[in-house]
Amino acid sequence: MLSHDIPLPPPYRIRVVEPIPFLSPRERREAIAAAGYNPFNLRADQITVDLLSDSGTGATSSAQEAAAAVGDESYAGARSWFRFRDEAADLTGYPHLLPVHQGRAGERVLFSSLLRPGQICVSNTHFDTTHANVELAGAEPRDLPCPEAADLDSAEPFKGNIDLAALEQTLAGPDGPRVGLVLLTITNNGLGAQPVSMANLTAVQAICRRFGVPFFLDAARFAENAWLVREREDGYQELTPREIATRAFQLADGCVISLKKDGLTAIGGLIGLRDDDLFARCEANLIATEGFSTYGGLSGRDLERLAQGLREVVDPAYLAARAGQTARFARMINDAGVDTIQPAGIHALYLNAGRLLPHLSPAEFPGHSLGCQLYLDGGIRSAELGSLYLGTLDAGNRLVSPAPFELVRLAIPRRVYTEEHFLYAAAVLGAIAKDPERIRGYRIVSAPPVLRHFKVRLAPLE
Ligand code: F0G
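This structure is a prediction, so every number in the text was calculated from the model and none was measured. (Residues numbered from 1 in each chain as written. Predicted model: local features only at pLDDT ≥ 70, side-chain atom pairs only at ≥ 80, totals over all residues. Heavy atoms only, no water.)

Draft legend 1. Examining the pattern of salt bridges more closely. Using the criterion set out here, one finds 27 salt bridges in the structure. A salt bridge links glutamate 30 to arginine 26, with the nearest nitrogen and oxygen atoms 3.0 Å apart. With glutamate 30 and arginine 26 both in helix H1 (residues 25-34), this residue pair falls four residues apart, about one helical turn. On the accessibility criterion, arginine 26 (55% relative accessible area) is exposed. One salt-bridge network, held together by shared partners, links Asp54, Arg221, Glu224, Asp262, Arg322 and Arg414. (Salt bridge = Lys/Arg side-chain N within 4 Å of Asp/Glu carboxyl O. Helix = DSSP H or I, 4+ residues; strand = E, 2+ residues; numbered from the N terminus. Buried < 20%, exposed > 50% of the residue type's maximum accessible area, 1.4 Å probe, protein only.)

Draft legend 2. A look at the packing of helix H6 (residues 164-172) against helix H7 (residues 198-211). For the pair H6 and H7, the least separation of the axes is 11 Å and the interaxial angle reads 10°. Relative to H7, the element H6 lies roughly parallel. For the pair H6 and H7, the contacting residues are Leu164, Leu167, Glu168, Leu171 and Ala172 in the first and Asn200, Ala203, Val204, Ile207, Arg210 and Phe211 in the second. Taken together, the residues of the contact of H6 with H7 break down into eight nonpolar, one polar and two charged. (Axes fitted to C-alpha atoms, helices over the stretch in contact; angles between N-to-C directions. Parallel < 35°, antiparallel > 145°, perpendicular 65-115°, else oblique. Contact = heavy atoms within 4.5 Å. Nonpolar A, V, L, I, M, F, W, Y, C, P; charged D, E, K, R; others polar.)

Draft legend 3. Molecular detail of unusual backbone geometry. Omega for the peptide link from isoleucine 186 to threonine 187 comes to -15°, which places this bond in the cis form. Tracing the sequence through the fold places threonine 187 in the loop between strand S5 (179-185) and H7. You will see that leucine 264, though not glycine, has its phi angle at about 55°, which is positive. Here leucine 264 lies in the loop between strand S7 (254-258) and strand S8 (269-273).

Draft legend 4. Structural detail: the pairing of strand S4 (residues 140-143). Examined bridge by bridge, strand S3 (residues 120-123) and S4 share four bridges and lie parallel to one another. Bridge pairing in S4 places serine 123 opposite aspartate 143. With helix H5 (residues 128-136) bridging S3 and its parallel neighbour S4, the resulting β-α-β unit is right-handed. (Pairing = 2+ DSSP bridges. Right-handed = clockwise from strand over helix to strand, strands pointing away.)

Draft legend 5. Molecular detail of the sheet that holds strand S9 (residues 348-352). Pairing is antiparallel in the open sheet, where three strands are placed in the order S9-S14-S11. Bordering the open sheet on either side are S9 and strand S11 (383-385), each of which pairs with just one other strand. Averaged over all pairs of adjacent strands, the angle between their axes in this sheet comes to 30°, without regard to strand direction. Pairing analysis gives five bridges linking S9 to strand S14 (residues 407-411), with the strands arranged antiparallel. Looking at S14, one finds that leucine 351 is bridged to valine 408. Of the strands in this sheet, S9 and S14 are in contact with helix H12 (residues 316-335), which crosses S9 at around 15°.

Draft legend 6. Expanded view of the pairing of S9. Burial of S9 is extensive: five of the five residues sit out of reach of the surface. Where burial is concerned, the two faces of S9 agree: the one with Ala348, Tyr350 and Asn352 and the one with Leu349 and Leu351 are both buried.

Draft legend 7. Molecular detail of the domain arrangement of the chain. Taken domain by domain, the chain consists of domain 1 (25-47 + 315-460) and domain 2 (62-312). A straight line from the C-alpha centre of domain 1 to that of domain 2 covers 27 Å. Listed per partner, the contact involves 28 residues of domain 1 and 28 residues of domain 2. For the pairing of domain 1 and domain 2, the buried interface totals around 2,400 Å² over both sides, and the portion due to carbon and sulfur atoms is 57%. Looking at the side of domain 1 facing domain 2, the largest losses of area belong to Leu319, Pro343 and Arg414, adding up to 23% of the total buried there. The tally of links between domain 1 and domain 2 comes to five salt bridges. Between the two partners, domain 1 and domain 2, sit 18 residue pairs in polar contact (both at pLDDT 80 or more). Residue assignment for the side of domain 1 that touches domain 2 shows that the elements contributing at least two residues are H12, S9, S14 and helix H17 (452-455). Take the side of domain 1 that touches domain 2: its biggest share by element is six residues, from H12. (Domains from an automatic or database assignment. Buried area = accessible area lost by both parts, 1.4 Å probe. Polar contact = N/O pair within 3.5 Å; in protein donor to acceptor, adjacent residues only side chain to side chain.)

Draft legend 8. Structural context of the sheet that holds strand S6 (residues 215-218). Reading across from one edge, S2-S8-S7-S6-S5-S3-S4 is the order of the seven strands in this open sheet, with mixed pairing throughout. Strands at the two margins of the open sheet, each flanked by one partner only, are strand S2 (96-100) and S4. Strand-to-strand twist in this sheet, taken as the mean axis angle between neighbours without regard to direction, amounts to 20°. Pairing of S2 with S8, which is carried by five bridges, proceeds in the antiparallel orientation. Opposite valine 100, over in S8, you have glycine 269 as the bridge partner.

Draft legend 9. Structural context of the site of the ligand. Residues in close proximity to the ligand total 16 residues, the closest being Ser53, Arg104, Ser258, Lys261 and Arg409. Between the ligand and the protein, one listed contact pairs an oxygen atom with a side-chain N or O atom of glutamine 102 at 2.7 Å. The side chain of arginine 221 places a nitrogen or oxygen atom 2.9 Å from an oxygen atom of the ligand. Within the complex, the protein chains bury 93% of what would otherwise be the 470 Å² of accessible surface of the ligand. Top element by residues in the shell around the ligand is helix H4 (residues 103-114). It accounts for three residues. Residue classes in the shell around the ligand are distributed as one nonpolar, eight polar and seven charged. (Near = heavy atom within 4 Å. Areas by Shrake-Rupley, 256 points an atom, 1.4 Å probe, with all protein chains shown as cover.)

Structure (structure tokens):
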């Protein structure tokens, strides 16, 4: 801060830009109809502001591209691997590190080496691919979010926490011997980008030690979680985000990280481990399926960008600017009459579509309707997190049990959009909020049996 009321701008300026398209309303109507009303089926050149994901969508820096230019593509023992490994070891403190091409590859390698069929993986909330990879390992994913997470409007600072009482009960109860892993997602992407406190992580470590269960982090947004700890948790104001992140990694037995988020790169991931035997099993699996253990599916140029990205992402000036950008976007949206999960996290905002569109029942997919309307009215792409994604369907693809909330996620790519893009998106939402009753629901035309939201096709209700 320069003074009390002058926030600093982001610590970078933009020198390489990419044009974005503006389609006519008719072109957008045709595009979304041809996509089966599924935003995942749209072409990127049909989208004006793309808030589908913050994963792999960030801008790289001049320093990252300069590093990439000297990337070493040796099959084994590349210079770039050692540069990346040293950065990641310094940040996480784990003695064993394995590169992977993205987070879900790390999940597959870790879970297939650690979990046995019939075991349970307990989490604050599993991300969708994490959930799927636990199941593919023959184990059962079980979510135990803290009770505060159920109140979307409260200002509780750490609604990403796991429910400690429920975790202890599970471990002490009849299912206890079956729990093979406790995995905390920081920040909690499935539940409003809410952070996990250091107090919660410390308590989970103690509980897991007592019951002899491995405790891992799904640390895709480790820097953003550290920033929110510094902002919201007593006792962390004097530490740097990097120091806080390191302390979080220290509490766990290992981690799996999608570096497409806080690695500030288009691709990349990491497994961090302490246990020698588990490392040997994971390494054998990695070499057979991802690549040799000094590149793991990544190019030397990717490893260089990652090494530099891990430094840039913990810069307090960068994190302050990014958190401020999201908080201002949330205020614009709330002022326009649309509620979002409170308090605002960093990587995404979650619109309360159920509340905005009470005339639509969950079976008419209000979150999906709002997402389609954002595209139809403004060329904005978002992701539904409601009954289309999480509800249970019958054989005829009719909804039988709805999701707890009808949400739409607006994910915020790193260093990509400016304040004007957010003003634009908030204005499009504001116009929808003025006349929400005109918005129709949707019905499912066809849906795949697993990871439904990626390939489902829908049609508007008359
Ligand atoms: N864990 C979390 C918490 C995630 O958010 C993601 C991806 C993954 C694991 C998987 O990582 O994509 O590199 O394989 N999240 C993206 C998103 C896709 O849009 O939230 P990946």
